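This is what each chain is made of:
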Amino acid sequence: MTRRFIGTADPSLINPQRRNLLAGGATAVAAAGLAGFSKTAIAQAAAAAAKPLPPYVAWKDPGAMIVHTSSTLETKRSAFGTSIITPTDQLYIRNNLPAPDASIVADRDGWEVTVEGVKNPRKLTVKELKGMGLETTAMVLQCSGNGRGYFPSKPSGTPWQVGAAGCVVWSGVPVRAVVEALGGVTDGAVYMTSTGGEKLPEGLDPKSAVVERSVPAKAMADALLAWEMNGVPIPLAHGGPLRIIVPGYSGVNNIKYIKRLAFTAEQSEAAIQKTGYRLSPLGQKGDPSQPSVWEMSAKSWINSPAPENGSVQAGMVQIKGVAFGGIHAVKAVEVSVDGGKTWKQAKFVGPDLGRYAWRQFVLGVKLPAGEYTIASRAIDSEGNQQPEERLENASGYNNSSWRDHALKITVA
Ligand SMILES: Nc1nc2c(c(=O)[nH]1)N[C@H]1C(S)=C(S)[C@@H](COP(=O)(O)O)O[C@H]1N2
Ligand SMILES: [Mo]
C-alpha cells in the first residue's frame, strides 16, 4: 500500500466529505455559496482558506481546526463531540520546534531511546520496549496555555480558548516496567527528565532550543512510553514513533519523539525547564524559584450550545461539555444558566475511562426566550473545586477559571 499521508498510519482518519467541502480555499467558499450552505459554513470555509493546514498535518479535519500558526492548531469548541475520545484528526497541535523529518516514522520499531539514571543504563528500541509490557491509559492532553486567550493581560503566546486539549487513549509500556528491567532508579534521582528528538537549529546554544522537561520522579508511577494513540501508531505530528505520556501533567511534559529518558538529581538546565513554563507574577520573567507547570487541576467547560452556532430554540435545552480533574479524578460537575448565581449538578454521560480521562456531561434545562450566561464548574475526588477566577501569571498558564470559560447564549 502506498502511504500518501506521511505520519498517519491510516488515511481513513480523514473525513472525505468535510475535506472536500472545506479544504480548497476559494473554491470551497464558492462551492459552499452555490450549494446554499449557512453563513457559518461559509465563514468556516473562508477561515480555512485564510490559513490552510500546514503540510505536515494536512490530514487534520480542516472544519474542526483553528490554524493559529503552522505550529499551533486548536480544536474548535463547537467541534468537540460527545463520545469522550478526541479523534486524532481533530486533536490540537503544539510544536515548540519544527517536527522532525518524516523519515523517523519509516522504521518505527527501530527508533531508539536512551535510558539513564538507572542501575543498568542502556539504549532500547521501540521493538524491545514492546516486549517489556503493555498498558493503555485514557488521558486529557492539555497545553498549559489552554485558556490563555481569556487573560485580560494579553500574555504573549497563542491565545488558545478551550481547544488546546483533548482526551486521548495511549498504549505503550509502563515506565516503571522499563525502570525495573534496568535495575531500578539510581539513588538521589528525584526527577524524570525527557528529551525530544528534534534536530536543533544550528549555531544556537542547544539548551536554549531543546525540548526537554523534568517532572517529579514519582510521576513515573502512571507514565507510559507510548507508541499508539486512539488505536493507531502515533502520527509523527503527535510524537511518533515514541512519546512519553505523563498522566495528569500538562501538555509540555508529554515529550514527543522521545530520544532520552533520564532519572536525575536536578531539573533540566534547558531554557524550557529553567525559565520557561513557570508561573511568574505579572510583569516578571520566569526563573527556577517559581512553580513549574506540572500537575493539572479540576476544569470543565461547555461545548454546546455555543454562540457561534447562532440562537437556541426556546424550550428544553441540553447543555453539554467536558469535565476533568487533572491529577485527580473528577467527581462531579455543576452547571449554571444565570452567570454563576445558582448551580445544578449535571449528569456524566458514557463510560468512565479512569482518573485521567475527561467525562462528558449533560444537563437538560428549560429555557424561555432571553439572554443567558451558561457556565460549568468541576470538583475533583479530593474536594477541590474549579475556581471562579484565574490565577494571574505572566505567561497565561493554567487558566481554569469557570467565569472565563462561560458562554453568553441567546434563546429565541
Ligand atoms: N518533542 C516535543 N515534545 C513536545 C512539544 C514539542 O515541541 N516537542 N510540545 C509540548 C507541548 S507545549 C504540548 S502542549 C504538547 C502538544 O502535543 P500535541 O502536539 O500532540 O497536541 O506536546 C508537548 N511535547
Ligand atoms: Mo503546550
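I will try to describe carefully the structure that is included in this document. (Residues numbered from 1 in each chain as written. Chains lettered and ligands numbered in written order. Predicted model: local features only at pLDDT ≥ 70, side-chain atom pairs only at ≥ 80, totals over all residues. Heavy atoms only, no water.)

Some words on the pairing of strand β2 (residues 72-75)
Okay, step 1: Residues Thr72 and Glu74 point to one face of β2 and Leu73 and Thr75 to the other, with burial holding for every one of them.
Okay, step 2: By the bridge criterion, 4 bridges tie strand β1 (residues 65-69) to β2 in an arrangement that is antiparallel. Bridge assignment links Met65 to a residue of β2, and that residue is Thr75.
Okay, step 3: Relative to strand β3 (residues 93-94), β2 runs antiparallel, the two sharing 2 bridges. (Buried < 20%, exposed > 50% of the residue type's maximum accessible area, 1.4 Å probe, protein only. Helix = DSSP H or I, 4+ residues; strand = E, 2+ residues; numbered from the N terminus. Pairing = 2+ DSSP bridges.)

Thoughts on the nonpolar core
Okay, step 1: Within the largest apolar cluster, 46 residues are counted, with the highest numbers of intra-cluster contacts made by Val175, Met192 and Leu225.
Okay, step 2: Going through the elements one at a time, β4 (112-116), α4 (126-130), α5 (175-181), β8 (191-196), β10 (224-229) and β13 (258-264) are the ones with two or more residues in this core.
Okay, step 3: Counting 20 residues, the second largest nonpolar core, distinct from the first, contains Ala323, Leu363, Tyr372 and Ala378. (Core = buried A, V, L, I, M, F, W, Y, C linked by side-chain atoms within 4.5 Å.)

Details of the environment of Ala209
Okay, step 1: Counting through the fold element by element, Ala209 comes out in helix α6 (residues 206-209).
Okay, step 2: Classification of Ala209 by relative accessible area gives buried; the value is 13%.
Okay, step 3: Not counting residues within four places of it along the chain, the set of residues in contact with Ala209 comprises Leu97, Leu200, Pro201 and Leu204. (Contact = heavy atoms within 4.5 Å.)

Considering the pattern of salt bridges
Okay, step 1: Taken as a whole and assessed by the stated rule, the structure comprises 13 salt bridges.
Okay, step 2: For the salt bridge of Arg122 with Glu128, the shortest nitrogen-to-oxygen distance reads 2.9 Å.
Okay, step 3: Arg122 sits in the partly exposed class, given a relative accessible area of 38%.
Okay, step 4: For Glu334, the salt bridge goes to Arg377, with nearest N and O atoms at 2.7 Å. Of this pair, Glu334 sits in strand β16 (residues 330-336) while Arg377 sits in strand β20 (residues 370-380), and the two are 43 residues apart along the sequence.
Okay, step 5: On the basis of relative accessibility, which here comes to 22%, the residue Glu334 falls in the partly exposed class.
Okay, step 6: Look at Arg377 and you get buried, because its relative accessible area is 18%.
Okay, step 7: Residues participating in the shared-partner salt-bridge network are Glu116, Glu212 and Arg260. (Salt bridge = Lys/Arg side-chain N within 4 Å of Asp/Glu carboxyl O.)

Digging into the sheet that holds β2
Okay, step 1: Pairing is antiparallel across the open sheet formed by 3 strands, whose spatial order is β1-β2-β3. Either end of the sheet is taken by a strand with one partner, and the two such strands are β1 and β3.

Notes on the environment of Lys218
Okay, step 1: With respect to the element layout, Lys218 can be found in the loop between β9 (212-216) and β10.
Okay, step 2: Considered as a pair, Lys218 and Met192 are 26 residues apart in the sequence and their alpha carbons are 8.2 Å apart.
Okay, step 3: With residues near it in sequence (within four places) discarded, Lys218 still touches Tyr249 and Glu295.

Focus: the site of ligand 1
Okay, step 1: In the vicinity of ligand 1 there are 20 residues, among which Tyr92, Asn96, Glu198, His238 and Lys256 approach most closely.
Okay, step 2: Asn254 places a main-chain nitrogen or oxygen 3.0 Å from a nitrogen atom of ligand 1.
Okay, step 3: Within the side chain of Lys256, an N or O atom sits 2.6 Å from an oxygen atom of ligand 1.
Okay, step 4: Taking 540 Å² as the accessible area of ligand 1 by itself, protein coverage stands at 100%.
Okay, step 5: A per-class count over the shell around ligand 1 returns 10 nonpolar, 6 polar and 4 charged. (Near = heavy atom within 4 Å. Polar contact = N/O pair within 3.5 Å; in protein donor to acceptor, adjacent residues only side chain to side chain. Areas by Shrake-Rupley, 256 points an atom, 1.4 Å probe, with all protein chains shown as cover. Nonpolar A, V, L, I, M, F, W, Y, C, P; charged D, E, K, R; others polar.)

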